[in-house]
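Next come the chains, spelled out residue by residue.
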Amino acid sequence: TVESLLRDMIDPDANTYLAKTTFTSRQWSSTDRRTKTPDDPEGWFGNGDSNKFLRYDEVGGERRKVMIDAKGPGALVRWWNTCSGDHGTSLKLVVEIDGVKFYEGSVFRFASGGALCGAPLSDSQPQGNGYDRRGHDLYLPIPYAKSLLVYVVETPETKSGCLFYNIETRTYADGTSVEPLTKDALARAKPLIDRVNAELMRPAAAPVEGRTTSLAATLKPGERLEKTVFADADGAAVRQLICSFGPDPKPQHLRSTVLEISFDGERTVWAPVGDFFSVGCRYSKYESYFTSASSDGLLAARWTMPFEKEMRISLKNVGNEPVKVARFDAVVAPYRWDAARSLHFGAGWHSLLRVPARLNGYPFDVNYVELTGEGYLVGTSVALFSRQLSWWGE
């Protein structure tokens, strides 16, 4: 249901258990359709990523540009689009759930104009741009039992322009019971939607209950500070990490101070502190649900990191000068460990140096992670530094 999917979004433990209801993730996008195989570099790196559709349907004299045709049971869980020209307001977007028309109106109003809910589940970024020049996001889950059909239709007011989109749906196994989203179901879920929106705006550094283990210290070059935390009978979990090098952290300290964590005897975290908290080695204020960096130098992360018996956490100075860690707190609280479904948290890091923009005249792929086994990829952080005086990229 829309309610169960919303509750998962603010359940801090949701990503720590293997799902009872499994699904296949599918992406629908306006990507250049020449992009098929990497052995054809001209097509593989085709960059005409707008106005590409699944197909075109002629229905009752109406030309429908189909973006999604998903067979259920499933759910739409992420929507992003941007436009040029007047496409965001003059194109007519139609969303049909289980064969019933659920929405008909402008693209922008559906994604970020409050047609279904408020921010941040429905929002646009960056706020400094004009509304028609932003990226438009919808994270309100839209479940369907049998099918989801999404298409756009040009109206008499439509002028030339581009529609870019990148949308994600889930397809559940046949027989999965799904309540399709209707206007009545949406109205019923409004109190929960409001609560989720409020929770998603809660700062990552907001106080969390639990017992605190501190690693604050001045670390000499090559020095490591390590502590072991034992779980209760049913298990435990790190609920929050807080770190500060002071109000104006040195770039070298962010990169040379390495965080290592082992859960139940296996090291799964190795990353420079600055990169773990997603600031890289050039400190910059930002705020997200799971991690943040404040204007006074406070780094925070509230990923849930469960363990069955013990956790070992350490900071090591791999640099050539002393590092004063003014604060490093790990807040640990109870967690119900499930031997069949619980997952350990992991984080890795690597850098690529002096990477050329092109090889043999073409761009090239950078494979930054390859995962096997069971689990979830829950986030990626990328920091870029260009040696050129002028550079464009997104």
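A brief report on the enclosed structure follows.

Reading the values: the criteria
- Residues numbered from 1 in each chain as written.
- Predicted model: local features only at pLDDT ≥ 70, side-chain atom pairs only at ≥ 80, totals over all residues.
- Heavy atoms only, no water.
- Helix = DSSP H or I, 4+ residues; strand = E, 2+ residues; numbered from the N terminus.
- Rg over C-alpha atoms; globule rule 2.2 N^0.38 Å.
- Buried < 20%, exposed > 50% of the residue type's maximum accessible area, 1.4 Å probe, protein only.
- Contact = heavy atoms within 4.5 Å.
- Arc of directions from axis to C-beta.
- Phe/Tyr/Trp six-rings, centres within 6.5 Å; stacked < 30°, edge-to-face > 60°.
- Lys NZ or Arg CZ within 6 Å of the ring centre and 35° of its normal.
- Pairing = 2+ DSSP bridges.
- Axes fitted to C-alpha atoms, helices over the stretch in contact; angles between N-to-C directions.
- Polar contact = N/O pair within 3.5 Å; in protein donor to acceptor, adjacent residues only side chain to side chain.

**So, the overall build of the protein chain**
Now for step 1: A count of helices and strands for the protein chain gives eight helices and 24 strands.
Now for step 2: Compactness check: the protein chain gives a C-alpha radius of gyration of 24 Å against a globular reference of 21 Å for 394 residues, within 12% of the reference.
Now for step 3: Principal-axis analysis of the C-alpha atoms gives the protein chain an extent of 75 × 55 × 40 Å.
Now for step 4: Of all 394 residues assigned to the protein chain, the portion counted as buried reaches 43%.
Now for step 5: Restricting the contact set of the protein chain to residue pairs at least 6 apart, pairs at least 24 apart contribute 74%.

**A short note on helix H1 (residues 2–9)**
Now for step 1: When H1 is considered as a whole, its buried residues turn out to be Val2, Glu3, Leu5 and Leu6. Along the axis of H1, the buried positions cluster into a sector of 165°, meaning they face one direction only.
Now for step 2: Packing partners of the buried residues in H1 comprise strand E4 (74–83), strand E9 (142–144), strand E11 (163–172), helix H5 (183–188) and helix H6 (190–200).

**Overview of H6**
Every α-helix carries 3.6 residues per turn, so stepping three or four residues along brings you back to the same face.
Now for step 1: Along H6, the residues classified as buried are Leu192, Ile193, Val196, Asn197, Glu199 and Leu200. Taken end-on, H6 shows its buried residues confined to a sector of 165°, consistent with a single buried face. Away from its buried face, by an angle of more than 90 degrees, H6 presents the exposed residues Pro191 and Ala198.
Now for step 2: Against the buried residues of H6 lie H1 and H5.

**A closer look at unusual backbone geometry**
Now for step 1: The peptide bond linking alanine 119 to proline 120 adopts the cis configuration, its omega dihedral lying at 5°.
Now for step 2: Looking at where proline 120 falls in the secondary structure, it is placed in the loop between helix H4 (107–111) and strand E7 (122–125).
Now for step 3: Cis rather than trans, the peptide bond between glutamine 125 and proline 126 has omega equal to -5°.
Now for step 4: Structurally, the position occupied by proline 126 is in the loop between E7 and strand E8 (135–138).
Now for step 5: Of note, the phi angle at serine 278 is positive, near 65°, even though the residue is not glycine.

**Focus: the packing of aromatic side chains**
Now for step 1: Applying the stated rule across the entire model yields 15 aromatic pairs.
Now for step 2: Between phenylalanine 53 and tyrosine 56, the aromatic rings sit 5.9 Å apart at their centres with planes inclined by 70°, giving edge-to-face as the arrangement.
Now for step 3: Both rings, one in tyrosine 289 and one in phenylalanine 290, keep their centres 5.0 Å apart while their planes meet at 75°; by these two values the pair is edge-to-face.
Now for step 4: Overall, the relative accessible area of 26% leaves phenylalanine 290 in the partly exposed class.
Now for step 5: An aromatic cluster of at least three residues, connected via ring pairs, comprises Phe276, Phe277, Tyr289, Phe290, Trp303 and Phe345.
Now for step 6: Its end group placed over the ring of phenylalanine 23, arginine 170 keeps NZ or CZ at 4.1 Å from the ring centre.
Now for step 7: One Lys or Arg, lysine 183, reaches over the ring of phenylalanine 102 and ends 5.0 Å from the middle of that ring.

**What to know about the sheet that holds strand E17 (residues 266–272)**
Now for step 1: In space, the four strands of this open sheet follow the order E14-E22-E16-E17, with antiparallel pairing throughout. Both edges of this open sheet fall to strand E14 (224–230) and E17, since each of them pairs with a single strand only. Direction aside, neighbouring strands of the sheet carry axes that sit 15° apart on average.
Now for step 2: Where E14 lies against strand E22 (residues 310–317), seven bridges are found, and the strand directions are antiparallel. Bridge pairing links arginine 224 to lysine 316 in E22.

**Re the side chain of lysine 65**
Now for step 1: Looking at where lysine 65 falls in the secondary structure, it is placed in strand E3 (residues 62–71).
Now for step 2: Here lysine 65 falls in the buried class, since its relative accessible area comes to 12%.
Now for step 3: A polar contact is formed between the side chain of lysine 65 and the side chain of glutamate 154, at a distance of 2.7 Å.

**A look at the sheet that holds strand E2 (residues 55–59)**
Now for step 1: Taken together, five strands build an open sheet; the order of strands is E2-E3-E10-E5-E6 and the sheet is antiparallel. Each edge of the sheet is formed by a strand with only one pairing partner; in this case those strands are E2 and strand E6 (100–106). Taking each pair of neighbouring strands and ignoring which way they run, the sheet shows an average axis angle of 30°.
Now for step 2: Inspection of the sheet shows E3 paired to strand E10 (residues 147–153) by six bridges, in the antiparallel sense. For isoleucine 68, the partnering residue across the bridge sits in E10 and is valine 150.

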